[in-house]
Every structure is written in C-alpha cells, then in structure tokens.
Amino acid sequence: MTRPLSLCVLGATGSIGASTLDVVARHAERFSLFALTANGSSERLVELCVKHRPRYAVLSGCSSDEPAARQLRQAGCKTELLFGQAGLVAVAAAPECDVVMAAIVGAAGLAPSLAAARAGKRVLLANKEALVMAGALFMQAVRDGGAQLLPIDSEHNAVFQCLPRDAAGRAHTGEVRRIVLTASGGPFRAVPLERLAVVTPEEACAHPNWVMGRKISVDSATMMNKGLEVIEACLLFGATPGSVEVLIHPQSIVHSLVEYVDGTLLAQLSNPDMRIPIAHALAFPQRFESGARALDLAAIGQLSFERPDARRFPCLGLAYAALRSGGTAPAILNAANEIAVAAFLARRIRFSDIFMVIEATLSGVACTPADDLDAVLAADAAARAAAARCVAQTTERAA
Ligand code: NAD
Ligand code: MG
C-alpha cells in the first residue's frame, strides 16, 4: 500500500478549508494532516486540531497565543503551534509535506502559495488572488520548483477536466478555440439597476447557489470574481484574453466549457458543491467520492444562459482591461478590489462605489513591468494606499 499523502491546509477555518477537511475525512487512509492554518479564529483552529490531530497548526495573525497552546495541551493534543507569516511559509514549504491546499483569501496567501510552488509541492489553488497578483512570477515558480498546480476554483477545475492532455498527461490548449467560464450572475442579476446603490452587505453575501466566504461572495455580486477568474484562466492555461469568454448561467450546474477547433464543446456538470473540485484535485489522476449529491438533471429541468450586461457588471470590463495592460495592472486591480470590498462590508461605501474605487485606483497608480516580487508588492502597497484614500474621500462626500 502507498504511503498516505501529507497535506497542509492553508486557510483551514474558511469555507474551502471546511470542504477540504470534509473530503479528507472520507478518505482518512489516503491522507495524513501535516498542518492547518488560520489567521484570527484561534478557537476554531484549536477545535480542528483536536479533531484532526495535525503535526502543526499556524496562527498567522499573532506571534503567540498561550490560551490556545494550553487548550491543546489540556485536550492531550500534540499539535505544535507556529505563528505569523513565517509559520505559514514554513509549513507550506516543509520537506515532509506533499500537498498544499492554498485556501487563504486575498493577497495574504501569496507568500505561502509561492513557497509551496517553489518547493515543488502539489498545489491545490483556491487562492486566485495570489495568482492574479503575481501571475507570470507564480507560474515561473511552479515550473522552477517542479510543482504540480491543480485548480480548485470550480470553473478552472471544470476547464482542466475538459482540456486535451499531452503524452505526459499535462493539460494544453493546442486544439482549443475558446474557453467559456460560466457565472451565476450572483444575487443581483435581476434586481433593478438603481437598487444597486442601496443593497446591503447581507444581501450581497446571500449567494443564490454557493455558500462561501464574505469576500468572494461580494466579488460574485459585482462579478469581479469572474474578472479575476478570466485572468486566472489565462495564466493557468496559457490562453489569450480574447479566447476567454464569460457566460451567465444562473443554475450553476455547467461549471465551464471548452470549445475545440472542430466546433465541439465539452463541459463539466455537477451540483454546485466545492467538494467536487476539491476531491478531483486530491485524488488526481484518479477519482474518489466527494460526498456531494448526485446531479438530477430531470429535477432541474432547464439550464439557461445569457450574456453578461456590462452596465450591471462594470467590474468585469476593468479586469479585462487590467489583463490586457499586463505588468502590475492585475496586482493593482486585485489590491483595489480587496480594499473596496472590505470598505463595503464595513458599510463605509455603497455597493456601486466598489467599481468607482477600483477604476480610480487603476487610473491613478502607475503600472510597471511585474518582473520581480518587489515590483508586485510595491504595486500592491501603492494600490492599497490609493484605494484607501479614494474610500476616505467617498465616505467624506457621503457624510
Ligand atoms: P473564507 O473567508 O471562508 O476563509 C478564509 C481563510 O483564510 C480562513 O481560514 C482565514 O483564517 C484565512 N485568512 C484570512 N485572512 C488571512 C490573512 N491575512 N493571513 C492568513 N490567513 C488568512 O474564504 P473562502 O471562501 O474559503 O475562500 C478562500 C479562497 O478560495 C479565496 O481566494 C476564494 O476566492 C477562493 N475560492 C473560494 C470558493 C468558495 O466556494 N468558498 C470557491 C472558489 C474559490
Ligand atoms: Mg469560481
């Protein structure tokens, strides 16, 4: 029997983290948990450690936590606690670790995801922001480190499953004409346009088909999520911006499509349940049970598709523009979006201001070549500062 794969879950207390641990628990003989990480929720992380007994746990938002260490000891749990960004990078790159689930939200996930890629791990990438930000550098780290990058985002996992493979089993876009990413359209697909100025964070986070973290839920409502995913698809699959299209599909059953040069379209269908792409990547190149319900197409009855409306979803156009600009533009787009979404969730700006903050930041911060990590991190910092100023001005105007 083969040795169990040693798994590190970055962002274990989040939505993707929970789905990952659920799938892993169904195949306990195939995995050993090496490390679990969280940023702030130390109680939740301690609970997960007591249940899953990983070798390490990382609390990245602090440099010590005596109560958490005491709770672990009292529960007879031998998990060793590490802290800060250094702890995240150490577990992601540790020689004993085979597979890294990159499920931290936002730019905060870049350092450990890059470290895992450089160390040649099998990287299961949910943290799309890290890839969008550091694009070419991230893909170079994957090649240099000999890592295997498997997409967890449901659309990219679907595309990966539909793409042709070369003799070595690697996906490529050789005979592919188009990649079509589906989007649910989020909770505001059909609300009157003038209501978008007054929708609340609660309404924005109430996604019709998926239960997700708050940041990606707002991104789905603005469709910036799909914009980030268009950039992600170009990087993962070596596609050009003109060959990646977005199609609204409100039922979230067709997770994406690949069109071949002969006119054939291949699609991946399933119930909307993130355990399916997670199980696909954990078992790859084999398959195993995910725990998801079987899809009953007759019960669903109808699948529908429509083109996205640029007036309703202007953030999508900003993402295409940043992708075409290249250099640090995607890092600027991503950072501005993170600041704008946090400000909306904190009720400091309106939903419709999110677009305005990102647009102003993209036109105010100089885009440079993204040749090294310092250039990317400088662009990220400059964009955060510019977006924060724009949020402050917007808040003052509204007061
Ligand atoms: P979430 O908010 O539920 O969880 C985020 C996790 O990241 C938590 O464990 C949190 O402790 C950790 N974290 C937050 N800030 C951090 C920081 N500064 N440093 C270190 N760790 C930090 O988010 P989620 O919905 O699970 O999404 C995670 C990632 O997966 C995102 O990039 C998202 O776009 C992507 N994704 C999620 C889904 C989904 O269905 N939830 C689908 C596709 C892609
Ligand atoms: Mg997605």
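Residues numbered from 1 in each chain as written. Chains lettered and ligands numbered in written order. Predicted model: local features only at pLDDT ≥ 70, side-chain atom pairs only at ≥ 80, totals over all residues. Heavy atoms only, no water.

### What about the pattern of salt bridges?
Here comes step 1: This model, assessed by the stated rule, comprises 24 salt bridges.
Here comes step 2: Among the ionic pairs, D98 bridges to R3, the shortest N-O distance being 3.1 Å. Note that D98 is positioned in the loop between helix 4 (84-93) and strand 5 (99-102) and R3 in the segment before strand 1 (5-10), a separation of 95 residues in sequence.
Here comes step 3: Since its relative accessible area comes to 58%, R3 is described here as exposed.
Here comes step 4: Notably, a salt bridge pairs R195 with E203, separated by 3.1 Å at the nearest N-O pair.
Here comes step 5: In this structure E203 comes out as partly exposed when scored by relative accessible area, which is 28%. (Salt bridge = Lys/Arg side-chain N within 4 Å of Asp/Glu carboxyl O. Helix = DSSP H or I, 4+ residues; strand = E, 2+ residues; numbered from the N terminus. Buried < 20%, exposed > 50% of the residue type's maximum accessible area, 1.4 Å probe, protein only.)

### Looking at the packing of aromatic side chains
Any two aromatic rings considered together are summarised by their centre-to-centre distance and by the angle between their planes.
Here comes step 1: Applying the stated criterion across every chain yields a total of five aromatic pairs.
Here comes step 2: Between F344 and F351 the ring centres are 5.6 Å apart and the planes differ by 70°, which places this aromatic pair in the edge-to-face class. Like F351, F344 is buried.
Here comes step 3: Through successive ring pairs, a cluster of aromatic residues spans F188, F344 and F351.
Here comes step 4: In this arrangement the basic side chain of R55 is found over the ring face of Y56, its NZ or CZ atom lying 4.5 Å from the centre.
Here comes step 5: One residue, R165, lies across the ring of F160, its end atom 4.5 Å from the ring centre. (Phe/Tyr/Trp six-rings, centres within 6.5 Å; stacked < 30°, edge-to-face > 60°. Lys NZ or Arg CZ within 6 Å of the ring centre and 35° of its normal.)

### A word on the site of ligand 1
Here comes step 1: Within the structure, ligand 1 sits among 22 residues, and T13, S15, I16, E129 and G213 are positioned closest to it.
Here comes step 2: The separation between an oxygen atom of ligand 1 and a polar main-chain atom of A126 is 3.4 Å.
Here comes step 3: Look at ligand 1: alone it shows 830 Å² of surface, and the protein chains cover 85% of it.
Here comes step 4: Counting only elements with at least two residues in the shell around ligand 1, the list comes to helix 1 (15-25) and helix 6 (128-145).
Here comes step 5: The class makeup of the residues in the shell around ligand 1 is 11 nonpolar, eight polar and three charged.
Here comes step 6: There are two domains that each give the shell around ligand 1 at least three residues, and those are domain 1 (5-151) and domain 2 (153-324). (Near = heavy atom within 4 Å. Polar contact = N/O pair within 3.5 Å; in protein donor to acceptor, adjacent residues only side chain to side chain. Areas by Shrake-Rupley, 256 points an atom, 1.4 Å probe, with all protein chains shown as cover. Nonpolar A, V, L, I, M, F, W, Y, C, P; charged D, E, K, R; others polar. Domains from an automatic or database assignment.)

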